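Structural description and commentary
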Amino acid sequence: IAVADGYLYWANSGGFGRVRTDGSEYDAHFLTVAASIQKYDLAFGDGYLYFIDGGRIGRVSVSDGPQPTVEWITQTRDVVAVTVGGGYVYWCDNSGVFGRMTVDGQDREPRWFKDPGTGIYLGNLVYLDGNIYWSRWTRGQRPTYMGRIGADGTGFDLTFRVIDSASPLAATSP
């Protein structure tokens, strides 16, 4: 689910739906794309819905009408999460590598940051207030930490500890 401009957006088998946050203007088929395109981990930025399809990140404009053109903005291996903020698209993969590129696609940094953990999995990428946050766990475990790094590449921090592994939304900070 992505939230922007008073709408909730979601992916479905035929494309993307949207509804106003008050429940009005429900449209399960707001945008239509090829059913063969997998669509998961949505993010919204600068008028586009960004999504993951296997090892690539695509985007569609929400203002191009009901059958928008899918733009494939980057190909990467094992991409698991995408977010948009501060003029950049950020992504991470299962090897702990974070990439980023400007929303216009001009400046690409496929290995912008590497989480120093070994045998870890990443997911749930979010941009908020100039920082990128993600969940982090080891094989066979539920998320145990949330990481954070500044959009300028400084301030790497893993002090956000998930306190209830059955509910990864409950967290604490020192």
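Residues numbered from 1 in each chain as written. Predicted model: local features only at pLDDT ≥ 70, side-chain atom pairs only at ≥ 80, totals over all residues. Heavy atoms only, no water.

1. Observations regarding the environment of Ser-63
Condition: Note on conventions: DSSP H or I runs of at least 4 residues are helices, E runs of at least 2 residues are strands, and numbering of each starts at the N terminus. Nitrogen and oxygen atoms within 3.5 Å of one another constitute a polar contact, given that in protein one can donate a hydrogen and the other can accept it, and given that sequence-neighbouring residues count only through two side-chain atoms.
Turning to its location among the elements, Ser-63 is positioned in the loop between strand 7 (56-61) and strand 8 (71-75). Residues Ser-63 and Gly-47, spaced 16 residues apart in sequence, show a C-alpha to C-alpha distance of 7.2 Å. At a separation of 3.1 Å, a polar atom in the side chain of Ser-63 contacts the side chain of Ser-61.

2. Details of the pattern of salt bridges
Basically, it comes down to this: One side-chain nitrogen of Lys or Arg within 4 Å of one carboxyl oxygen of Asp or Glu is enough to make a salt bridge.
Throughout the structure, instances matching the rule amount to 6 salt bridges. For Arg-59, the salt bridge identified is with Glu-71, shortest N-O distance 3.4 Å. A residue pair is termed long-range when its members are at least 10 positions apart, and Arg-59 in strand 7 and Glu-71 in strand 8 qualify at 12 residues.

3. Digging into the sheet that holds strand 5 (residues 40-45)
To keep things clear, this is the line we draw: Note: two strands are recorded as paired if DSSP finds a minimum of 2 bridges between them. What counts as an axis is a line fitted to C-alpha atoms, over the stretch in contact for a helix, and the angles between N-to-C directions run from 0 to 180 degrees.
Read from one edge of the open sheet, 4 strands run 5-6-7-8, paired in antiparallel fashion. Of all the strands in the sheet, just strand 5 and strand 8 have a single pairing partner and so form its edges. This sheet shows a mean twist of 25° between the axes of neighbouring strands, independent of strand direction. Direction of pairing for strand 5 relative to strand 6 (residues 48-53): antiparallel, over a ladder of 4 bridges. From the neighbouring strand, Gly-45 faces strand 6, where its bridge partner is Tyr-48.

4. Things to note about the side chain of Arg-59
What counts, and what does not: Here the term buried applies to any residue with accessible area under 20% of the maximum for its type, exposed to any over 50%, and partly exposed to those in between, with areas from a 1.4 Å probe on protein chains only. Contact definition: two residues touch when any of their heavy atoms are within 4.5 Å.
On the basis of relative accessible area, Arg-59 is assigned to the buried category, the value being 10%. A distance of 3.0 Å separates the side chain of Arg-59 from the side chain of Tyr-50, its partner in a polar contact. Arg-59 has contacts with Tyr-48, Leu-49, Tyr-50, Phe-51, Thr-69, Val-70, Glu-71, Ile-73 and Val-103, leaving out every residue within four places of it along the chain.

5. Focus on the packing of aromatic side chains
Applied cut-off: For this analysis, a ring pair means two rings from Phe, Tyr or Trp (six-membered ring only for Trp) whose centres lie within 6.5 Å, classed as stacked if their planes differ by under 30 degrees, edge-to-face if by over 60, and tilted for the remaining angles. Counted as over-ring charges are cases with an Arg CZ or a Lys NZ within 6 Å of the ring centre that also lie within 35 degrees of the ring normal.
One pass over the structure, following the stated rule, counts 16 aromatic pairs. When the ring of Tyr-9 is compared with that of Phe-30, the centres are 6.2 Å apart and the planes differ by 55°; the resulting orientation is tilted. With Tyr-9 in strand 2 (residues 7-12) and Phe-30 in strand 4 (residues 27-32), the pair connects residues that are 21 residues apart, well separated along the chain. The pair formed by Tyr-9 and Phe-30 is uniform in burial state, with each residue classed as buried. Plain terms: the ring middles of Tyr-48 and Tyr-50 are 6.2 Å apart, the flat faces sit at 55° to each other, and that makes the pair tilted. Overall, Tyr-50 belongs to the buried group, its relative accessible area being 0%. Connected via pairs of aromatic rings, a cluster forms that spans Tyr-88, Tyr-90, Phe-98, Trp-112, Phe-113, Tyr-127, Trp-134 and Phe-156. Positioned above the aromatic ring of Tyr-7 is the side chain of Arg-18, whose terminal nitrogen or guanidinium carbon lies 3.8 Å from the ring centre.

6. What to know about the confidence of the model for the protein
Heads up, the rule is: Values of pLDDT, ranging from 0 to 100, describe the predictor's confidence in every residue of the model.
Model confidence for the protein is summarised by a mean pLDDT of 85, while 87% of its residues fall at 70 or above. Looking across the protein, the model is least confident in strand 17 (residues 171-172), with a mean pLDDT of 38, and most confident in strand 3 (residues 15-20), with 95. Contacts from residues 165-174, a stretch scored under 50 in pLDDT, to residues over four places away or in other chains number 20 contacts.

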